[in-house]
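One-letter residues, chain by chain:
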Amino acid sequence: MVTDSTKTMPNSLNLRRMVCETNVLSRSDCSVALSQGATQVMVAANGPAEVKFKNAESENCHLEVQYRSNAGQEDIQHRLMESLIKRSFVRVVATPAFCRSAVYIYVQEMTDRGGLLACSINASCLALITSGVELNFTVAAVHCIMTEDGAMILDPDHKQLKLARSSFTFVFDSIGKNTVTSYVHGSFTFEEYEQVVSVCRKAVEKIFDFYRKVSQNITKVVTDDS
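Now for a description of the structure that goes with this document. (Residues numbered from 1 in each chain as written. Predicted model: local features only at pLDDT ≥ 70, side-chain atom pairs only at ≥ 80, totals over all residues. Heavy atoms only, no water.)

## Digging into the pattern of salt bridges
Phase 1 of the analysis: Enumeration over the complete set of coordinates arrives at 5 salt bridges.
Phase 2 of the analysis: Two residues, R79 and E82, come together in a salt bridge whose shortest N-O distance is 3.0 Å. Note that R79 and E82 are positioned in helix α1 (residues 76-93) at a spacing of 3 residues, about one turn of the helix.
Phase 3 of the analysis: R165 is the salt-bridge partner of E192, the closest N and O atoms lying 2.9 Å from each other. Placement of the pair is E192 in helix α3 (residues 190-216) and R165 in strand β9 (residues 164-173), with a sequence separation of 27 residues. R165 matches E192 in its accessibility class, with the two residues each being buried. (Salt bridge = Lys/Arg side-chain N within 4 Å of Asp/Glu carboxyl O. Helix = DSSP H or I, 4+ residues; strand = E, 2+ residues; numbered from the N terminus. Buried < 20%, exposed > 50% of the residue type's maximum accessible area, 1.4 Å probe, protein only.)

Here it is in structure tokens:
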């Protein structure tokens, strides 16, 4: 909850413009290119498909996530991205309808101008939605920072990130807007944490609305103001 003591900047509690194009790759079951501001990722989703015997699950669908940076180099930060994305979708695709099969998500970073993790998760969810894979629910991610002087900035760009004292990425489900995954670092008080969660939970409604627009216009380029 934003209190009177919470500092904000002009337009600091607005999400950046979102643009999504579907079926951008020909050799995948479904693919999307999603931009949030100047940050862009491309995601391909394949499946349900054959799974290696060691990964086969008798009751649920197996999920694999691969992340690639725009520089093509791999490091521990990229493995962290894969882990956070996978953690956000394990329960989403854990459906018995596709037991002993797998869903594969391939995330390609195009440009990183802030909020890359949130953009990657949102693009992955859009790829799954448009692929027709049965999902238990959908998820959406919101990024927010707290500056050194205690101001809150929602969905900051790469310039605003330099002001961050703490950074928060929350992933919410579409059912009760409960937190599915969170990635938080920096210093903050409990009150600041609660304020950021409240602001992000309110903002995520716009992303779920955007999902609905995309699912209704799969063959078109969709913007959040269209």
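## Remarks on the environment of F170
Phase 1 of the analysis: With respect to the element layout, F170 can be found in strand β9.
Phase 2 of the analysis: Along the primary structure F170 and R201 are separated by 31 residues, whereas in three dimensions their C-alpha atoms are 8.3 Å apart.
Phase 3 of the analysis: Beyond its immediate sequence surroundings of up to four residues, F170 is in contact with A140, A141, V142, T179, T181, S182, V184, Y193, V196, V197 and C200. (Contact = heavy atoms within 4.5 Å.)

## So, the side chain of T169
Phase 1 of the analysis: One can find T169 in strand β9.
Phase 2 of the analysis: Of the residues examined, T169 reaches a relative accessible area of 6% and is grouped as buried.

## Thoughts on the packing of α1 against helix α2 (residues 116-131)
Phase 1 of the analysis: Relative orientation of the contacting elements α1 and α2 amounts to 35°, with a least axis distance of 10 Å. The handedness of the crossing between α1 and α2 is right-handed. On α2, the residues that touch M81, L84, I85, S88, F89 and V93 of α1 are L116, L117, S120, I121, S124, C125 and L128.
Phase 2 of the analysis: When the residues that make up the contact of α1 with α2 are grouped by side-chain class, the tally is 10 nonpolar, 3 polar and no charged. (Axes fitted to C-alpha atoms, helices over the stretch in contact; angles between N-to-C directions. Left-handed = near helix turned anticlockwise from the far one by under 90°. Nonpolar A, V, L, I, M, F, W, Y, C, P; charged D, E, K, R; others polar.)

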